[in-house]
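# Structure assessment
For reference, the chains in residue letters:
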Amino acid sequence: MEKQGVGITITQHILNQQRKNPEATGAFTTIINEMIVAAKVISREVNKAGLVDILGLTGRINIQDEQVQKLDMFANQVTIERMQHIGELCCMGSEENADLIDIPSQYPKGSYILLFDPLDGSSNIDVNVSIGTIFGIFKKQSDEINIDLLLNDVLQPGIKQVAAGYFIYGSSTIMVYTTGNGTGVYGFTLYPSVGEFLLSHDNIQIPKKGKIYSVNEGNYDYWDEKTRALVDYFKAIDKETNRPYSSRYVGSLVADFHRNLLKGGIFMYPADNKDPKKPSGKLRLMVEANPLALIVKEAGGYASDGHGPILEIEPTELHQRTPLYIGSQEDVELAEAFIGGSKVE
Ligand code: FDP
């Protein structure tokens, strides 16, 4: 008989996953459901951004020394407001806030930590290119409740994330998530007519080797020789190794990552000497690299800082940056060989 329903909704999917884990308490379902509400609100604002006076800069500079755009602030505020009341979080960390965000005293606290980048790729807001929200969830390790003392619980290596995901606000709104531990990666598309995220990408697997490299090549002269040699390698003609690769770079991490996750290839934001304050490149470990690293690992790919797995980095600061090489396993291992110096062309 033909299916009359709308397909598998995200809530149905999470509940099914939860039932497979006898220890699951339902906390995760609550967290994800509320993230979805926040994302739907952000998606609505992104879609109407061209119509109202919400585009453009606020004139404020954020903790990362970058200009904050109005929609970034909106997305940050919506996420904090939606997530603070659910009773499952002990604190949050956002790319937009210098310090950890406490849960107001009128709400109960839980044992999970939510780290997020509310609007990644924000320099693309004004030009209708896809942007997104990235998030990772950790479980608190101690019994601490004082916000000033919770940082140690937050600074866990990415491999300890209990879940990670992202939303893309593009030609359609998509959510991709994993709960780690071999449970797989799933993608859902928001169907505006029913207002639900429906399963559209079941058990995503990234090809072992791709044909795309994604990097801001305008930084070429700021890179060291090993990084330049790697990019030169991808561009060189060689039939046997299927080169040259194609270059694709939107400049929105979520959008570039999502394309390569589905098609294969490598995204990189290498270390550079452009700004002495950011010797490890531009991307943040806790709110960008770690969540995407867990997703790519679950999809059969790999994420490295050029020397070893992103997921094993022991963080020392909430806003620390890291070089990032992420995507198809063989391509990222090749990048490591170049950056580590064992491969020279
Ligand atoms: P944005 O500054 O527009 O928010 O992390 C931020 C980020 O975008 C990533 O989404 C993107 O991959 C990268 O920076 C783009 O940086 P470049 O402009 O230096 O290429």
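So, here is what we can say about the structure in this document.

## Points about helix 3 (residues 70–83)
Residues separated by three or four positions in an α-helix point in the same direction, a consequence of the helix having 3.6 residues per turn. Over its 14 residues, helix 3 runs 20 Å from end to end, which matches the ideal 20 Å to within 8%, given 1.5 Å per residue. Buried residues of helix 3: Leu71, Asp72, Ala75, Asn76, Val78, Thr79, Ile80 and Met83, and no others.

## A short note on the pairing of strand 9 (residues 185–191)
Burial within strand 9 is extensive, with six of its seven residues counted as buried. Bridge analysis of strand 8 (residues 173–178) against strand 9 gives five bridges, and the strand direction is antiparallel. By the bridge assignment for strand 9, methionine 175 is matched with phenylalanine 188. The pairing of strand 9 with strand 10 (residues 196–201) spans five bridges and is antiparallel. What sits directly across from threonine 189, in strand 10, is leucine 198. Connecting the antiparallel pair strand 9 and strand 10 is a turn made up of four residues, with glycine 195 showing a positive phi of about 70°.

## A look at the nonpolar core
One finds Tyr166, Leu261, Ile295 and Leu324 to be the most contacted residues of the largest nonpolar core, which totals 43 residues. A per-element tally of this core places helix 7 (residues 285–298) first, with nine residues. Ignoring any residue separated from it by four or fewer positions in sequence, one finds leucine 261 in contact with Tyr166, Val176, Ile204, Gln205, Ile206, Pro207, Ile295, Val296 and Ala299. Core analysis: the next-biggest nonpolar cluster, separate from the first, contains 40 residues, Ala38, Val78, Phe116 and Ile131 among them.

Conventions and cut-offs
- Residues numbered from 1 in each chain as written.
- Predicted model: local features only at pLDDT ≥ 70, side-chain atom pairs only at ≥ 80, totals over all residues.
- Heavy atoms only, no water.
- Helix = DSSP H or I, 4+ residues; strand = E, 2+ residues; numbered from the N terminus.
- Expected span 1.5 Å × (residues − 1).
- Buried < 20%, exposed > 50% of the residue type's maximum accessible area, 1.4 Å probe, protein only.
- Pairing = 2+ DSSP bridges.
- Core = buried A, V, L, I, M, F, W, Y, C linked by side-chain atoms within 4.5 Å.
- Contact = heavy atoms within 4.5 Å.

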